[in-house]
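# Structural characterization, general
Residues per chain, in single letters:
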Amino acid sequence: MDVITDSRLNERQLSDISLNNWLNELKYTYEDFDYRLHNGESSSEAQKRILSVYDSINHSHNSLIVTHGYIMILLLNHFNREIGFEEWISLKDPDLNSIDEHNNDKHINILVNE
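This write-up is about the structure you can find in this document. Sequence order as written defines residue numbering, which begins from 1 separately in each chain. Under the rules for a predicted model, residues below a pLDDT of 70 receive no local features and side-chain atom pairs below 80 are neither given nor counted, while totals for whole chains, interfaces and linings still include all residues. Hydrogens are left out, water is left out, and the side-chain values use all remaining heavy atoms of the structure.

A run of H or I in DSSP counts as a helix once it spans at least four residues, and a run of E counts as a strand once it spans at least two, with each numbered from the N terminus. Counting secondary structure elements, the protein chain contains four helices and two strands. In the protein chain, the order of α-helices and β-strands from amino to carboxyl end is α-α-α-α-β-β. In terms of overall dimensions, the protein chain is globule-like: its C-alpha atoms have a radius of gyration of 15 Å, near the 13 Å expected for 114 residues. With respect to the three principal axes, the spread of C-alpha positions in the protein chain is 40 × 35 × 25 Å. Note that the radius of gyration is over C-alpha atoms, with the globule rule given as 2.2 Å times the number of residues to the power 0.38.

Set out below in structure tokens:
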């Protein structure tokens, strides 16, 4: 199995300044995909970045993308527009989703011994 590190999988930068209301700002970025904070990345830009990774994968083989929550939700949103802020806020650590050959997404529950 090949492991490839790709900087396009880095977490999305919301802003380069500290925000007291960052959660509200993040929520708004899921409502307006072109909304961008100071030196940050819009949802649209981040989604294009993660889609470039997805599109570069040979889909005739099973592949695994390991990334951060914001960017993962934006990938899933491409296939299911109902996925957004509420799904991000309910993510578990770790969390797992799959995208099948028909571009359908599915959440997979992971049982972790606590």
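Resuming the write-up.
Moving on, we come to unusual backbone geometry. In most cases, non-glycine residues show a negative phi, while peptide bonds are predominantly trans. Here the phi dihedral of Asn-39 falls at roughly 55°; this positive angle occurs in a residue that is not glycine. Secondary-structure assignment places Asn-39 in the loop between helix H1 (22-31) and helix H2 (43-55).

Right, let's talk about the environment of Asp-93 for a bit. Along the chain, Asp-93 falls in the loop between helix H4 (85-89) and strand E1 (96-99). To sort residues, take the accessible area from a 1.4 Å probe on protein chains only and compare it with the maximum for the residue type: under 20% means buried, over 50% means exposed, and anything in between is partly exposed. Note on Asp-93: relative accessible area 79%, which makes it exposed. Along the sequence, Asp-93 and Gly-69 sit 24 residues apart, while their C-alpha atoms lie 9.2 Å from each other.

A few words on the layout of surface pockets. To locate leftover empty space, one rolls a probe as large as a water molecule over the atoms. One number sums up the size of the largest pocket: a volume of about 780 Å³. Within the residue set of the lining of the largest pocket, elements represented by two or more residues are helix H3 (69-79) and E1. In this classification, the charged set is Asp, Glu, Lys and Arg, the nonpolar set is Ala, Val, Leu, Ile, Met, Phe, Trp, Tyr, Cys and Pro, and all remaining amino acids, among them Gly, are polar. Classifying every residue of the lining of the largest pocket by side-chain character gives 13 nonpolar, twelve polar and five charged. Its boundaries defined by the atoms lining it, the second largest pocket holds a volume of some 610 Å³. Here the term cavity refers to a set of points on a 1 Å grid, laid over the protein atoms alone, in which a 1.4 Å probe fits but cannot get out; the term pocket refers to an open set having protein on both sides within 12 Å along at least five of seven lines, with lining residues being those that place an atom within 4 Å of a point. Forming the walls of the second largest pocket are 18 residues, and the residues nearest its centre are Asp-2, Val-3, Ile-4, Ser-63 and Leu-64. Its residues assigned to classes, the lining of the second largest pocket comprises nine nonpolar, six polar and three charged. Grid points are joined across faces, edges and corners, and a volume is the space filled by probe spheres set on the points.

To continue, consider the packing of aromatic side chains. Classification of ring pairs rests on two measures: the distance between centres of Phe, Tyr or Trp rings, Trp counted by its six-membered ring, which must be within 6.5 Å, and the angle between planes, read as stacked under 30 degrees, edge-to-face over 60 and tilted in between. This structure, assessed with the given rule, holds six aromatic pairs. Here the aromatic rings of Tyr-28 and Tyr-35 are separated by 4.7 Å at their centres, their planes lie at 85°, and the arrangement is edge-to-face. The exposure class assigned to Tyr-28 is partly exposed, which follows from its relative accessible area of 36%. An aromatic cluster of at least three residues, connected via ring pairs, comprises Trp-22, Tyr-30, Tyr-70, Phe-85 and Trp-88.

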